[in-house]
Amino acid sequence: MRVHRDGTPVAPAPGLIRIGTRGSALAVAQTTTVAESIVAATGLEAVLVIVTTRGDVSRESLSQLGGTGVFVSALREALLAGRCDLAVHSLKDLPTGPCDGIALGAVPPRADARDALCGRDGLTLAMLPAGARVGTGSPRRAAQIRLRRPDVEVLDLRGNVDTRLGRVGADLDAVVLACAGLDRLGRGAAISERFPLDEVPPAPGQGALAIEVRSADAGCEPYRTALDALDHAPSRATALAERALLATLEAGCAAPIGATARIDGERLLLRAEVHGADGREQLVFTDALPWSATDAESAGVPELLGARVADQLLQMGAARIAPLGARP
Ligand SMILES: NCc1[nH]cc(CCC(=O)O)c1CC(=O)O
């Protein structure tokens, strides 16, 4: 497998699949795993095409750039322009709306969706001393921590995973990050606590990857074989239910919303929470619908379930208590 970094085009060739990715260590690690699966399933040769986004090179804050969508759009442009054949994203960073000409080709088996506390000296959230300094850039994570530990100080945090981890034991006592990213980077040893999904629901889609393909190519070989080999029905169903919730709430990726779906026997179950702007109010709702990976009737169930849970949260006052349209 080759990694192409310099920005010049990689010509399409028979037997070669060009996989677009962001250039961060995390993105390259996860796209490498995807590429290896494709090579194993299809016998194709794979090249990673690294697409630099404004979000990677700019020092502006994410809100000035227009949200995490900036990471996604450069990769989608490369796909639409034919500079790569597939694009690999962190599913939680994708905007909820459809994108003309692009289809969600596959959702591979989901990594650990939980949030992780990385505390100095192995400290868990309960063990942190009063007044401890905890870093996170996420309003959801901030609200979840304040609710459990009103006596700790939550501080804003940006930067890549290594930058954030580097602050632990320096100016911060702990940071909160996604388990998936830490595990994929081989930094799982930095985790002092993995928060239970039902108690601290993560961002919708966290831990899942989205493999995008040009809509016109989705049913054609060799893409079809590659995508079929990558796709994992339970991971797709849970991630899509969580995203449908976000879409119905008309919420941005920085809105203080946590969601976790799971397969429970022959049902798809979705639990979601919305946090108030002041960090004290919280709404929680859980619902389930019949779902089975082998049943054609189950198509559309994840979207239906996500919309139902969102409607219920709206009736409970979600739009009143939370800044749903907030950008990071
Ligand atoms: N918000 C940025 C982001 N987008 C995807 C991941 C990695 C986890 C994943 O793949 O869901 C992270 C880092 C984090 O939240 O700690």
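Identification of the protein as Porphobilinogen deaminase from Leucobacter massiliensis is taken from an unreviewed UniProt entry. A UniProt comment under Function (unreviewed entry) is attached to the protein, and it reads "Tetrapolymerization of the monopyrrole PBG into the hydroxymethylbilane pre-uroporphyrinogen in several discrete steps."

Let us now look at the UniProt feature "domain: Porphobilinogen deaminase C-terminal" (unreviewed entry) in the protein. UniProt's feature table lists "domain: Porphobilinogen deaminase C-terminal" (unreviewed entry) at residues 238-313, given in the numbering used throughout. For the annotated span residues 238-313, helix accounts for 32% and strand for 34% of the residues, and the straight-line distance between the end C-alpha atoms is 18 Å.

With respect to spatial proximity, the complete set of residues near the ligand consists of Ser 90, Lys 92, Asp 93, Leu 177, Ala 178, Ala 180, Gly 181, Gln 206 and Gly 207. When residues of the shell around the ligand are traced back to their parent elements, those giving at least two are strand E9 (174-178) and helix H7 (179-184). Tallied by class, residues from the shell around the ligand come to three nonpolar, four polar and two charged. Both domains that furnish three or more residues to the shell around the ligand are identified here as domain 1 (2-109 + 208-231) and domain 2 (115-194).

Chain-level statistics for the protein give a pLDDT mean of 93 and a share of 94% at 70 or above. Low pLDDT, under 50, characterises residues 61-65; the stretch is placed with 10 contacts to residues that sit more than four places away or in other chains. Interface scoring of the predicted complex returns ipTM 0.91; its pTM is 0.93.

Our focus in this paragraph is the sheet that holds strand E2 (residues 16-21). In space, the six strands of this open sheet follow the order E1-E3-E2-E4-E11-E5, with mixed pairing throughout. In this open sheet, the two strands that pair with only one neighbour each are strand E1 (2-4) and strand E5 (102-106). On average, adjacent strands in this sheet sit at an angle of 30° to one another, irrespective of strand direction. Pairing between E5 and strand E11 (residues 209-214): four bridges, direction antiparallel. Bridge pairing in E11 links Ile 102 to Arg 214. In the packing of helix H4 (residues 69-80) onto the sheet, contacts are made with E2, strand E3 (45-50), strand E4 (86-90), E5 and E11, and the angle to E4 comes to roughly 165°.

Reading guide: rules and limits
Residues numbered from 1 in each chain as written. Predicted model: local features only at pLDDT ≥ 70, side-chain atom pairs only at ≥ 80, totals over all residues. UniProt positions renumbered as here; feature names shortened; annotations may be inferred. Helix = DSSP H or I, 4+ residues; strand = E, 2+ residues; numbered from the N terminus. Near = placed C-beta within 6 Å. Nonpolar A, V, L, I, M, F, W, Y, C, P; charged D, E, K, R; others polar. Domains from an automatic or database assignment. pLDDT = per-residue confidence, 0-100. Contact = placed C-beta atoms within 7 Å. Pairing = 2+ DSSP bridges. Axes fitted to C-alpha atoms, helices over the stretch in contact; angles between N-to-C directions.

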